[in-house]
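Structure at a glance
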Amino acid sequence: MAETVRWGILGTGKISRAFANALKDVPGAVLAAVGSRSLDKAAAFADEFGALASYGSGELLAQAEGIDLIYIGTPHPEHAGNALMALRAGKGVLCEKPFTMNLREAEQVVTLARSKRLFLMEAMWTRYLPAYLEVKRILASGEIGTPRQIVADFGFAAAFGPEHRVFNPELGGGALLDLGIYPLSVAAGLLGPVIEVRAQAEMGPTGVDVQTGFTLKHEGGGMSVCSCSFLARTPAELTVSGERGQVRMNTMFHRATSVTVKLDDGSERTIETPYLGNGYVHEAIEAQRCWQQGLLESPSMTQGETLALMGVMDEIRRQIGLRYAADRV
């Protein structure tokens, strides 16, 4: 097993910077290269984060020697094309959420990865955080009884202009793809596959959703009530309830550092669940573990589950009337 994993990062925006910072706290991780449409930006990024090389295009990064895994942190509509490019060059891929713009694109990426037997994983970082894993352990223990309902939200007041990526349809803007994917993914991870969804949304002046609510029915029983918003700063907590009580991921569930269990006997306890670095460390550790062990996907976030969740988001978008250019191909 190789002692080090050589990473390439495609993109130099906020999320790529967060991932580069995370790699500093990942044992065995080496930032081998960074790629961007702007060589100047790539070079500045490489200098700041100590990357060994910089490239002025994604193609050059994908073709470069000495890279094991490529992290894709480009705008949403570029994910599918970038992932296909990296896979065709023989690189393993960790692709930022949303994995692609729709299920059709996701199927293309997964099909190529499987045909070439290359590692591919969605970078849904919350699925690897200690708080999430602790909630799974509590649910499996039966402490709160059979989990029957989840309530989860994620919202903030987005004080940006209409050209900003969160409102710009050409950049995959909208609350669902940016924020709603978090409660959707965690709810499905805790209660199981989604078999039915009902959604409503408030659409903004640029034609994308500015807040969306959706209810999910899960295979084997159980329901989730989820929402996301660019108009309101919501609690951003997630609570799973069973007949004997509930467990809550505290203080913004996607960054939770503790979980609290309340039972019907009046007892209550809080378990500390600190995460490493900025939180992205855990998904990078998992990707490296899988790659070093020769796995083609993460057992904790399989490609099949990624495809299923992309299908759910397609259905939510159909119900609220949200379409992107990628849907017209």
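A quick note: this is a predicted structure, and the numbers were derived from the prediction, not measured. (Residues numbered from 1 in each chain as written. Predicted model: local features only at pLDDT ≥ 70, side-chain atom pairs only at ≥ 80, totals over all residues. Heavy atoms only, no water.)

**Quick look at the packing of helix H7 (residues 175-191) against helix H9 (residues 303-320)**
What describes two packed helices is the angle between their axes and the distance between those same axes. Following both chains from N to C, one finds H7 and H9 inclined at 125°, their axes separated by 11 Å at the closest point. The angle between H7 and H9 places the two elements in the oblique class. Note that H7 runs across H9; the crossing there is right-handed. Residue-level contacts link Leu-176, Leu-177, Ile-181, Leu-184, Ser-185, Ala-188 and Gly-189 of H7 to Glu-305, Leu-309, Val-312, Met-313, Ile-316 and Arg-317 of H9. Across the contact of H7 with H9, the residue classes tally to 9 nonpolar, 2 polar and 2 charged. (Axes fitted to C-alpha atoms, helices over the stretch in contact; angles between N-to-C directions. Helix = DSSP H or I, 4+ residues; strand = E, 2+ residues; numbered from the N terminus. Parallel < 35°, antiparallel > 145°, perpendicular 65-115°, else oblique. Left-handed = near helix turned anticlockwise from the far one by under 90°. Contact = heavy atoms within 4.5 Å. Nonpolar A, V, L, I, M, F, W, Y, C, P; charged D, E, K, R; others polar.)

**A few points about the packing of aromatic side chains**
Per the counting criterion, the structure on display carries 8 aromatic pairs. A centroid spacing of 6.2 Å and a plane angle of 75° characterise the contact between Phe-154 and Phe-253, whose relative ring orientation is edge-to-face. Here Phe-253 lies in the loop between strand E12 (245-249) and strand E13 (258-263) and Phe-154 lies in strand E7 (residues 147-155), a separation of 99 residues in the sequence. Grouping residues by exposure puts Phe-154 and Phe-253 together as buried. Aromatic rings pair up to connect Trp-7, Phe-19 and Tyr-71 into one cluster. (Phe/Tyr/Trp six-rings, centres within 6.5 Å; stacked < 30°, edge-to-face > 60°. Buried < 20%, exposed > 50% of the residue type's maximum accessible area, 1.4 Å probe, protein only.)

**Observations concerning helix H8 (residues 281-292)**
A rise of 1.5 Å per residue sets the reference length of H8, with its 12 residues, at 16 Å; its end C-alpha atoms lie 16 Å apart and thus fit the reference within 8%. All buried positions along H8 are accounted for by Val-281, His-282, Glu-283, Ala-284, Glu-286, Ala-287, Gln-288 and Cys-290. (Expected span 1.5 Å × (residues − 1).)

Function cannot be inferred from these measures alone, as they are strictly geometric.
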